[in-house]
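# Working through the structure, step by step
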Amino acid sequence: MQRSSDAYYAFIDTETTGFDSIRNQVITLSCYVTTKDYELLGEHHGKFRPEGKREIVWSNEAEKVHGISYDEALSFPSIPEGIDAYLEFLRQFPSLIFVAHNTAYDRRMLKGTFSRYDRHFDLYGAFREYQDTLKMVKNSGLVSSKSKSLGVICKELGIDHDHHDARSDALVLIEIHKRCTMKIQDTPILDNTMEDIEYV
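Let me begin by describing the structure that accompanies this report.

The rules behind each value
- Residues numbered from 1 in each chain as written.
- Predicted model: local features only at pLDDT ≥ 70, side-chain atom pairs only at ≥ 80, totals over all residues.
- Heavy atoms only, no water.
- Helix = DSSP H or I, 4+ residues; strand = E, 2+ residues; numbered from the N terminus.
- Buried < 20%, exposed > 50% of the residue type's maximum accessible area, 1.4 Å probe, protein only.
- Contact = heavy atoms within 4.5 Å.
- Salt bridge = Lys/Arg side-chain N within 4 Å of Asp/Glu carboxyl O.
- Core = buried A, V, L, I, M, F, W, Y, C linked by side-chain atoms within 4.5 Å.
- Axes fitted to C-alpha atoms, helices over the stretch in contact; angles between N-to-C directions.
- Parallel < 35°, antiparallel > 145°, perpendicular 65-115°, else oblique.
- Left-handed = near helix turned anticlockwise from the far one by under 90°.
- Nonpolar A, V, L, I, M, F, W, Y, C, P; charged D, E, K, R; others polar.
- 1 Å grid on protein atoms, 1.4 Å probe; cavity = no way out; pocket = protein on both sides within 12 Å on 5 of 7 lines; lining within 4 Å.
- Points joined across faces, edges and corners; volume = space filled by probe spheres on them.
- Phe/Tyr/Trp six-rings, centres within 6.5 Å; stacked < 30°, edge-to-face > 60°.

## Section: the environment of Glu63
Structurally, the position occupied by Glu63 is in helix H2 (residues 60-66). By relative accessible area, which is 21% here, Glu63 ends up partly exposed. In this structure the C-alpha to C-alpha distance between Glu63 and Glu15, which are 48 residues apart in sequence, comes to 9.3 Å. Those residues in contact with Glu63, other than ones at most four positions away along the chain, are Arg54, Trp58, Ile68, Ser69 and Tyr70.

Structural data, given as structure tokens:
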């Protein structure tokens with residue numbers, strides 16, 4: 001059995017109420033923690049109830065992407081409850097490498113949601129560095145299509161994927177990351193600071 005001290009990567013995906021980190025927020029968050037050799041050590045799947053007036057915080061375009069209705073999301077735990085549950089999960093492990101597909105987006109949305117309760121410092125303290133599988137796929141040449149969406153990548157690589165579900169999106173990142181690192185021996189790892197989040 002692997003120890004928590006063997007933890008290395010945190011593969012993460014979020015679904016959000018919209019695409020603006022100021023107005024919108026995270027509603028689902030999935031995280032898989034693995035060793036450097038991709039052995040799964042733990043997983044967490046959190047939900048966050050949207051706060052504020054529907055016309056302000058909710059985007060119908062985002063709902064079309066993730067398929068979660070506003071009424072369904074109202075049954076989710078409150079943001080503070082969701083944050084506490086996620087941070088409690090992360091406390092099992094030493095500082096991890098944050099891995100996401102288009103890392104800038106997930107980091108930006110998480111920062112926006114967690115900062116409502118001044119908990120973004122706790123969140124970023126859990127991750128020493130981060131990697132972006134979107135950039136890794138582009139650099140590896142594994143996929144011929146110009147589109148680097150998870151759906152296209154998984155289809156070309158023969159990876160089973162239920163697109164735009166946080167659990168599935170985060171899980172397939174493990175296999176994508178594994179294949180990229182086999183192709184690219186020296187994968188860049190970036191220092192983790194809250195000021196370097198790209199707005200793309």
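## Describing the pattern of salt bridges
As enumerated under the stated definition, the model contains six salt bridges in all. In this structure, Arg91 and Glu88 form a salt bridge, with 3.0 Å as the shortest nitrogen-oxygen distance. Notably, a salt bridge pairs Glu175 with Lys178, separated by 3.7 Å at the nearest N-O pair. With Glu175 and Lys178 both in helix H9 (residues 166-183) and three residues apart, the pair spans about one turn of that helix. Connected through shared salt-bridge partners, Asp84, Arg119 and Asp122 make up one network.

## Focus on the nonpolar core
Ile12, Tyr86, Leu90 and Phe127 are the most contacted members of the largest nonpolar core, which has 27 residues in total. With six residues, helix H4 (residues 79-90) is the largest single contributor of residues to this core. One finds Val99, Ala170, Ile176 and Cys180 within the second-largest nonpolar core, a separate group that totals 21 residues.

## Notes on the environment of Lys138
Examined against the element boundaries, Lys138 turns out to sit in helix H7 (residues 133-140). Classification of Lys138 as exposed rests on a relative accessible area of 52%. Separated by 10 residues in sequence, Lys138 and Lys148 have C-alpha atoms that sit 7.5 Å apart.

## Re the packing of helix H8 (residues 150-157) against H9
How two helices sit against one another is set out by the angle between their axes and by the gap between those axes. At a closest axis distance of 11 Å, the pairing of H8 and H9 adopts a crossing angle of 55°. Relative to H9, the element H8 lies oblique. In terms of crossing hand, the pair formed by H8 and H9 is left-handed. Between H8 and H9, the contacting residues are Leu150, Ile153, Cys154 and Leu157 on the first element and Asp169, Val172, Leu173, Ile176 and Arg179 on the second. Taken together, the residues of the contact of H8 with H9 break down into seven nonpolar, no polar and two charged.

## A word on the layout of surface pockets
In this model, the largest pocket occupies a volume close to 380 Å³. Forming the walls of the largest pocket are 19 residues, and the residues nearest its centre are Asp13, Thr14, His101, Tyr105 and His164. Contributing elements (two or more residues each) for the lining of the largest pocket: strand E1 (9-16), H2 and helix H5 (103-114). Residue contributions to the lining of the largest pocket peak at four residues, all from E1. For the lining of the largest pocket, the class distribution of residues is six nonpolar, eight polar and five charged.

## Here's the deal with the packing of aromatic side chains
Throughout the structure, instances matching the rule amount to nine aromatic pairs. Seen from their ring centres, Tyr9 and Tyr38 are 5.7 Å apart, and the 15° between their planes marks the pair as stacked. Linking Tyr9 in strand E1 with Tyr38 in the loop between strand E2 (26-34) and strand E3 (40-47), this pair joins segments that are 29 residues apart in sequence. As far as burial versus exposure is concerned, Tyr9 and Tyr38 are alike and both buried. Arranged with centres 5.4 Å apart and planes meeting at 70°, the rings of Phe89 and Phe93 form a pair that is edge-to-face. Residue Phe89 shares its accessibility class with Phe93, and that shared class is buried.

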